Amino acid sequence: MRLQYTERQKQFRQEIRDWLAAHVPKQTLPSFDTAEGFEAHRQWEARLFEGRWSAVTWPAAYGGRGCDLIEWLIFEEEYWAAGAPLRVNQNGVFLLAPTLIEYGTPEQKARFLPRMASGQDVWAQGWSEPGAGSDMAAIRSKAIRDGDEYVINGQKIWSTRAVWADWLFGMFRTDPESSRHHGLTFILLPLNLPGITIRPIKQLNGLPGFAEIFFDDVRVPVANRLGDEGAGWNVAMATAGFERGLMLRSPARFQQTARHLVELYLQNQASADADPGIRDAVIKSWMDAEAYALATYRTASRLGKGAKIGAEASTNKIFWSELDLLMHETAMRILGPLGELMPDAPDAGVQGPGHGWLDGFLFAQAGPIYAGTNEIQRNIIAERMLGLPRS
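Just so it is clear, the structure is predicted and the values come from calculations on it, not from any experiment.

S.K.: If you had to explain helix α4 (residues 90–103) to someone new, which residues and values would you point to?
M.R.: Here α4 contains 14 residues, and its C-alpha end-to-end distance of 19 Å stays within 8% of the 20 Å for a straight helix at 1.5 Å per residue. Taking the largest bend as the criterion, α4 deviates by roughly 45 degrees, centred on Leu96, and proline Pro98 comes between one and four positions later. Among the 14 residues in α4, 11 count as buried, and that is most of the element. What α4 keeps buried is the set Gln90, Asn91, Gly92, Val93, Phe94, Leu95, Leu96, Ala97, Pro98, Thr99 and Leu100.

Set out below in structure tokens:
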């Protein structure tokens, strides 16, 4: 497969490349899982919004550029190549926003999208519960209607960015007699409402990247419902499709990591070649990153012609999560004991993308779990793509 770009696409690539060269911070921002880093990344989101780069696929009326998915892939390639900061509002911009554009009312779009794009409102995701992780149909938190409001009680867990986020999009059971996929409703709510308690959860690196959220008679206007009451499953599946299949993890992210891995191997080739499996793993990492990019271009082309993201999103999710693990495990093998040092340690050596190979390695462990565990994704593939029986 050979990618060929139009003159317009080439000009677009140069425009974003020039803007990033002039605006990307020279120093790496602190982790957005710290209070200081969260605000620094929020300011970066505002700067992106000023240049109309924070949400390029959105309509211009909401701060976007009306770009198609091919242009979004080009943007992502330049963004990651420039070493630009991670997106603290990715839950909102890449997951909720496409769903909001599809299911939201005109009033909801005007209310939420511009503030999301500018970083004024940073969003957390509220799906998982202690008894409902990847199996969202087991959600038990309730939102019982009382006139023009829902009264919410229950608990969410593993809510990314919820420690400092402003809003949460979540799934709640509005029909207490319902079960499984029925009777669920998609609700948007600010995290500063009375009755909400947020408790940080530390990641492997010791930083509070997650939180558990408790709801005690929290009142939310019915106007904050996205889609019809009881139809939340369909709305959530649209969001999950973007999360697993396309927008949450662009191929450029993995291509950039693969390039850093090749550089790391070449810098340590003499010692790395003592283990013949390392060279094979580096080659496989680069090939798989390129294959994922080409597959995503194919998906983007299909969507541009009116197709929908279906169960094949599950194959993408498995592929990129396992690729991320392979690349970071290979980097750890190359670095040996030095790979266990924190990035700011004097002897840490070459640390690769972002905050370093170690942080990337720790985060990659979560890849097969978040966005729906890979075990659940394999069940989806077996049943919906291959037509295999449930038992």
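Alright, that's what it looks like, and here's the rest.
S.K.: I'd like a rundown of helix α2 (residues 35–50), residues and numbers included.
M.R.: Here α2 spans 23 Å end to end across 16 residues, near enough to the 22 Å set by a 1.5 Å rise per residue. Buried residues of α2: Gly37, Phe38, Ala40, His41, Arg42, Trp44, Glu45 and Leu48, and no others. Looking at the buried side of α2, the elements it contacts are α1 (7–23), α3 (69–81) and α5 (106–117).

S.K.: If you had to explain the packing of aromatic side chains to someone new, which residues and values would you point to?
M.R.: As enumerated under the stated definition, the model contains 19 aromatic pairs in all. Aromatic pair Phe172 and Phe215: ring centres 5.5 Å apart, planes at 90 degrees, arrangement edge-to-face. Here Phe215 lies in strand β7 (residues 210–221) and Phe172 lies in strand β4 (residues 167–173), a separation of 43 residues in the sequence. In terms of burial, Phe172 and Phe215 fall into one category: buried. A connected cluster of aromatic rings, assembled from ring pairs, spans Phe12, Trp19, Trp44, Trp53, Phe75 and Tyr79. Here Arg13 stacks its cationic end above the ring of Tyr5, 5.0 Å away from the centre of that ring.

S.K.: Residue-level account of the pairing of strand β5 (residues 184–190), with values.
M.R.: Extensive coverage of β5 is indicated by the burial of seven of its seven residues. Burial along β5 is two-sided: the face carrying Leu184, Phe186, Leu188 and Pro190 and the face carrying Thr185, Ile187 and Leu189 are both buried. As defined by bridge partners, β4 adjoins β5 across seven bridges and the pair is classed as antiparallel. Note on β5: the bridge partner recorded for Phe169 is Leu188. The pairing of β5 with strand β8 (residues 225–226) spans two bridges and is classified as antiparallel. Across the sheet, Ile187 pairs through a bridge with Arg225, a residue of β8.

S.K.: For the packing of helix α10 (residues 313–335) against helix α12 (residues 374–385), give the residues involved together with the corresponding values.
M.R.: Where α10 contacts α12, the two axes come as close as 9 Å, and the packing angle between them is 145 degrees. Where α10 crosses over α12, the two elements pack in a sense that is left-handed. Contacts between α10 and α12 involve Ser314, Thr315, Lys317, Ile318, Ser321 and Glu322 from the first element and Asn374, Gln377, Arg378, Ile380, Ile381 and Met385 from the second. Among the residues making up the contact of α10 with α12, the classes are represented as four nonpolar, five polar and three charged.

S.K.: Break down the nonpolar core for me, citing the residues and quoting the values.
M.R.: In terms of nonpolar packing, the biggest core is built from 52 residues, with Trp58, Phe186 and Leu188 touching the most fellow members. Looking at which element gives the most residues to this core, the answer is α3, with seven residues. Within the second largest apolar cluster, 20 residues are counted, among which are Leu261, Tyr265, Val282 and Ala331.

S.K.: Please provide a residue-by-residue account of the packing of α4 against α5, values included.
M.R.: Running from N to C, α4 and α5 cross one another at 165 degrees; their axes reach a closest spacing of 11 Å. One finds that α4 runs roughly antiparallel with respect to α5. Where α4 crosses over α5, the handedness of that crossing is left-handed. Mapping the contact onto sequence places Gly92, Val93, Leu96, Ala97, Leu100 and Ile101 in α4 and Gln108, Lys109, Phe112, Leu113 and Met116 in α5. Each residue belonging to the contact of α4 with α5 can be placed in one class, and the counts come to eight nonpolar, two polar and one charged.

S.K.: Account for unusual backbone geometry, with residues named and values stated.
M.R.: Although it is not a glycine, Arg52 adopts a positive phi angle of roughly 60 degrees. In this structure, Arg52 sits in the loop between α2 and α3. Classification of Arg52 by relative accessible area gives partly exposed; the value is 37%. If you check the backbone angles, Asp217 has positive phi at about 55 degrees while not being a glycine. Under the relative-accessibility criterion, Asp217 is labelled partly exposed at 48%.

S.K.: Explain the environment of Ile144 to me, using residue names and the numbers behind them.
M.R.: The topology assignment puts Ile144 in strand β2 (residues 142–146). Sequence separation between Ile144 and Ser128 is 16 residues; the distance between their C-alpha atoms is 19 Å. In contact with Ile144, not counting residues within four places along its chain, are Glu149, Tyr150, Val151, Arg173, Thr174 and Pro176.

S.K.: Run through the pairing of β2, naming residues and quoting values.
M.R.: Strand direction decides the pairing type here: β2 and strand β3 (residues 149–156), joined by five bridges, are antiparallel. Counted as the bridge partner of Asp146 is Glu149 from β3.

S.K.: Describe the environment of Gln255, with residues and values.
M.R.: If you trace the backbone, Gln255 turns up in helix α7 (residues 251–267). Along the sequence, Gln255 and Arg17 sit 238 residues apart, while their C-alpha atoms lie 17 Å from each other. Gln255 has contacts with Glu77, Ala289, Glu290 and Ala293, leaving out every residue within four places of it along the chain.

S.K.: Provide a residue-level description of the pattern of salt bridges, including the pertinent values.
M.R.: Per the stated rule, a full pass over the model turns up 20 salt bridges. Put simply, Arg42 and Asp166 hold a salt bridge, and the shortest N to O gap is 3.0 Å. Placement of Arg42 in helix α2 and of Asp166 in the loop between β3 and β4 is noted, with a sequence separation of 124 residues between them. Look at Asp166 and you get partly exposed, because its relative accessible area is 23%. Note that Arg219 is salt-bridged to Glu149, the shortest N-O span being 2.8 Å. Placement of the pair is Arg219 in strand β7 and Glu149 in strand β3, with a sequence separation of 70 residues. Residues joined in a network through salt bridges with shared partners are Arg13, Arg17, Glu77 and Glu78.

Rules used throughout
- Residues numbered from 1 in each chain as written.
- Predicted model: local features only at pLDDT ≥ 70, side-chain atom pairs only at ≥ 80, totals over all residues.
- Heavy atoms only, no water.
- Helix = DSSP H or I, 4+ residues; strand = E, 2+ residues; numbered from the N terminus.
- Expected span 1.5 Å × (residues − 1).
- Bend = angle between axes of the 7 residues up to and from the residue.
- Buried < 20%, exposed > 50% of the residue type's maximum accessible area, 1.4 Å probe, protein only.
- Contact = heavy atoms within 4.5 Å.
- Phe/Tyr/Trp six-rings, centres within 6.5 Å; stacked < 30°, edge-to-face > 60°.
- Lys NZ or Arg CZ within 6 Å of the ring centre and 35° of its normal.
- Pairing = 2+ DSSP bridges.
- Axes fitted to C-alpha atoms, helices over the stretch in contact; angles between N-to-C directions.
- Left-handed = near helix turned anticlockwise from the far one by under 90°.
- Nonpolar A, V, L, I, M, F, W, Y, C, P; charged D, E, K, R; others polar.
- Core = buried A, V, L, I, M, F, W, Y, C linked by side-chain atoms within 4.5 Å.
- Parallel < 35°, antiparallel > 145°, perpendicular 65-115°, else oblique.
- Salt bridge = Lys/Arg side-chain N within 4 Å of Asp/Glu carboxyl O.

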